[in-house]
Amino acid sequence: MSDVIGITMGDPAGVGPEISVRALSEMSPEDRARTRIYGDRATLELALAATGVTLDLDGVVEDLPIEGGPLPWGKLDPRGGDAAFRFIEKAVRDSEAGRIGCIVTAPINKEALNLAGHHYDGHTGMLAALTGQKSAFMLLASERLKVIHVSTHVSLKTAIDRATPERILATIRAGNEHLKRIGYAKPRIAVAGINPHCGEGGLFGTEDDVQVAPAVAMARAEGIEVQGPISADTVYHRAYNGGFDLVIAQYHDQGHIPIKLVAFDTAVNVSLGLPIDRTSVDHGTAFDIAGTGKANHTNMNAAIAYARRLVAGKNT
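Definitions and limits used
- Residues numbered from 1 in each chain as written.
- Predicted model: local features only at pLDDT ≥ 70, side-chain atom pairs only at ≥ 80, totals over all residues.
- Heavy atoms only, no water.
- Helix = DSSP H or I, 4+ residues; strand = E, 2+ residues; numbered from the N terminus.
- Rg over C-alpha atoms; globule rule 2.2 N^0.38 Å.
- Buried < 20%, exposed > 50% of the residue type's maximum accessible area, 1.4 Å probe, protein only.
- Contact = heavy atoms within 4.5 Å.
- Phe/Tyr/Trp six-rings, centres within 6.5 Å; stacked < 30°, edge-to-face > 60°.
- Lys NZ or Arg CZ within 6 Å of the ring centre and 35° of its normal.
- Core = buried A, V, L, I, M, F, W, Y, C linked by side-chain atoms within 4.5 Å.
- Polar contact = N/O pair within 3.5 Å; in protein donor to acceptor, adjacent residues only side chain to side chain.
- Pairing = 2+ DSSP bridges.
- Axes fitted to C-alpha atoms, helices over the stretch in contact; angles between N-to-C directions.
- Parallel < 35°, antiparallel > 145°, perpendicular 65-115°, else oblique.
- Nonpolar A, V, L, I, M, F, W, Y, C, P; charged D, E, K, R; others polar.
- Salt bridge = Lys/Arg side-chain N within 4 Å of Asp/Glu carboxyl O.
- Left-handed = near helix turned anticlockwise from the far one by under 90°.

Can you walk me through the overall build of the protein chain in this structure?
Across its full length, the protein chain holds 12 helices and 11 strands. Taken over the C-alpha trace, the protein chain has a radius of gyration of 20 Å; the compact-globule value for 316 residues is 20 Å, and the two agree within 12%. Principal-axis analysis of the C-alpha atoms places the extent of the protein chain at approximately 60 × 40 × 35 Å. Buried residues in the protein chain amount to 54% of all 316 residues. Once local pairs closer than 6 in sequence are excluded, the contacts in the protein chain between residues at least 24 apart make up 74%.

Any chance you could explain the packing of aromatic side chains here in plain terms?
In this description, a pair of aromatic rings is defined by centroid distance and the angle of the planes. Using the criterion set out here, one finds 1 aromatic pair in the structure. Ring geometry for Phe85 versus Tyr120: centroids 6.2 Å apart, planes at 10°, classification stacked. A residue pair is termed long-range when its members are at least 10 positions apart, and Phe85 in helix H4 (residues 78-96) and Tyr120 in the loop between helix H5 (110-115) and helix H6 (123-130) qualify at 35 residues. The ring of Tyr240 has Arg144 lying over it, and the distance from NZ or CZ to the ring centre is 3.7 Å.

Which parts of the structure should I look at to understand the nonpolar core?
Note that soluble globular proteins tend to have their nonpolar side chains buried in a common cluster. Within the largest apolar cluster, 81 residues are counted, with the highest numbers of intra-cluster contacts made by Ile172 and Met300. Per-element tally for this core: the top contributor is helix H12 (residues 298-314), with 8 residues. Ignoring anything within four residues of it in the chain, the contact list for Ile172 reads Ile189, Val191, Ala215, Val216, Ala219, Ile224, Val226 and Ile248. Among the nonpolar cores identified, the runner-up in size contains 16 residues, and Met138, Ala192, Val235 and Ala249 belong to it.

Looking at this model, I keep getting lost on the side chain of Thr105. Mind explaining?
Mapping Thr105 onto the fold places it in strand E4 (residues 102-105). A polar contact of 3.0 Å, which involves the side chain of Thr105, links it to the side chain of Arg278. Excluding residues that lie within four positions of it along the chain, Thr105 makes contacts with Thr8, His123, Arg278, Thr279, Ser280 and Val281.

Could you clarify how one ought to interpret the environment of Gln227 in this entry?
Among the secondary structure elements, Gln227 is positioned in strand E8 (residues 226-230). Residues Gln227 and Leu140, spaced 87 residues apart in sequence, show a C-alpha to C-alpha distance of 19 Å. When neighbours within four sequence positions are excluded, Gln227 is seen to be in contact with Ile189, Ala190, Val191, Val216, Arg220, Arg238 and Phe244.

Any chance you could explain the sheet that holds strand E6 (residues 146-149) here in plain terms?
Working definition: the strands of a sheet are paired by backbone hydrogen bonds and lie parallel or antiparallel to each other. The strand order E3-E2-E1-E4-E11-E10-E5-E6-E9-E7-E8 describes an open sheet built from 11 strands, whose pairing is mixed. Each end of this open sheet is capped by a strand with a single partner; those strands are strand E3 (61-63) and E8. On average, each strand axis in the sheet is inclined to that of its neighbour by 25°, with strand direction left out of account. Across 3 bridges, E6 lies against strand E9 (residues 246-249) in parallel orientation. Bridge pairing in E9 links Ile148 to Ile248. On the sheet, H6 packs against E4, strand E5 (137-141), strand E10 (268-272) and strand E11 (278-280) and is oriented at approximately 160° with respect to E11. Across the sheet, helix H10 (residues 232-240) touches E6, strand E7 (189-192), E8 and E9, and the angle it forms with E8 is around 145°.

Looking at this structure, I do not really get the packing of helix H1 (residues 16-25) against helix H3 (residues 41-51). What am I missing?
If you want to describe how two helices pack, look at the angle between their axes and the distance between the axes. Look at H1 against H3: their axes get within 8 Å of each other, and the N-to-C directions meet at 75°. Considered as vectors, H1 and H3 are oriented roughly perpendicular to each other. Residues Pro17, Glu18, Val21 and Arg22 of H1 form the contact with H3, whose own contacting residues are Thr43, Leu44, Ala47, Leu48, Ala50 and Thr51. In terms of residue class, the contact of H1 with H3 is made up of 6 nonpolar, 2 polar and 2 charged.

Help me out: how do you make sense of the pattern of salt bridges in this one?
As a working rule, side chains carrying opposite charge can pair if their charged atoms are close by. This model, assessed by the stated rule, comprises 12 salt bridges. The partner of Glu45 in a salt bridge is Arg41, and the shortest N-O contact between them spans 3.2 Å. You can see Glu45 and its partner Arg41 sitting in helix H3, 4 residues apart, about one turn around the helix. Of the charged contacts, one joins Glu222 and Arg173 as a salt bridge, the two residues approaching to 2.4 Å between their closest N and O atoms. With Glu222 in the loop between helix H9 (207-221) and E8 and Arg173 in helix H8 (residues 165-181), this residue pair connects regions lying 49 residues apart in the sequence.

When you look at the packing of H10 against helix H11 (residues 252-262) in this model, what are you seeing that I'm missing?
Where H10 meets H11, the axes come as close as 11 Å, and the angle between the chain directions of the two elements is 40°. Here H10 is positioned oblique relative to H11, judged by the angle of their axes. In this structure, the crossing between H10 and H11 has a hand that is right-handed. Of H11, the residues touching H10 (which contributes Ala232, Tyr236 and Tyr240) are Gln254, Gly255, Pro258 and Val262. Among the residues making up the contact of H10 with H11, the classes are represented as 5 nonpolar, 2 polar and no charged.

Written out as structure tokens, the structure is:
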């Protein structure tokens, strides 16, 4: 299995090019030799100028030029959305062919992506479609708190409908398998409730009793160490303080808010349930500072480190 990490540059008008070259410049020569950037070389050269970084891009860029590029920094453009899609598509195909071991994605702009005719809710849905999967799971991982989501980029009403026992069970399984892969012998998993106080015995809704509790029971019957539903207003505090290794969040904000509160710069977005490995930064394109050289690449470094961990595990 290849030990090469493939970084997709993201939307060329955003901060992806800058954080990519900054991260690459700080690598050891050995790690840089095991890294490729999928993007537009001309844009990456501009990113070098913007950041003041000195770096030889020869041999590390899979150059996928943009028609009419480089594009202006910080401007919404369908050409940027199409380019971001092409970078990812090429990296996926190379990953499937074994040429790279893990994809690390810089941020894309969902509006630009859709304006270009690529109708996905984000990276996770796109990667599922490109690899022929019905769906995938989003895990946000930090040192003290890890959260996996039953659903992500849908309305709250739709999220509640999607939280079926079958989907919750599949999420528990995916999280359990991943934590075992990265070294947890018996992951301790907590499932957050949907309603306040898990419905308070039906006073605030029956979804926790009808949808969540059966999934937990099925997972426990499979030997998974899981508890729930647990009220969402306490479960993250308990997990952060060592009570659980992973929390199952029922919807986007329920999982994203706590992880961004405690690990805004270091949490890594990991896609589970795919035939390929992918990690990502957990922030957006930041059009307002793109091209200024101000973008912080701490999160990109964390995503790359997690990717190296996954690749090392596959090669042992």
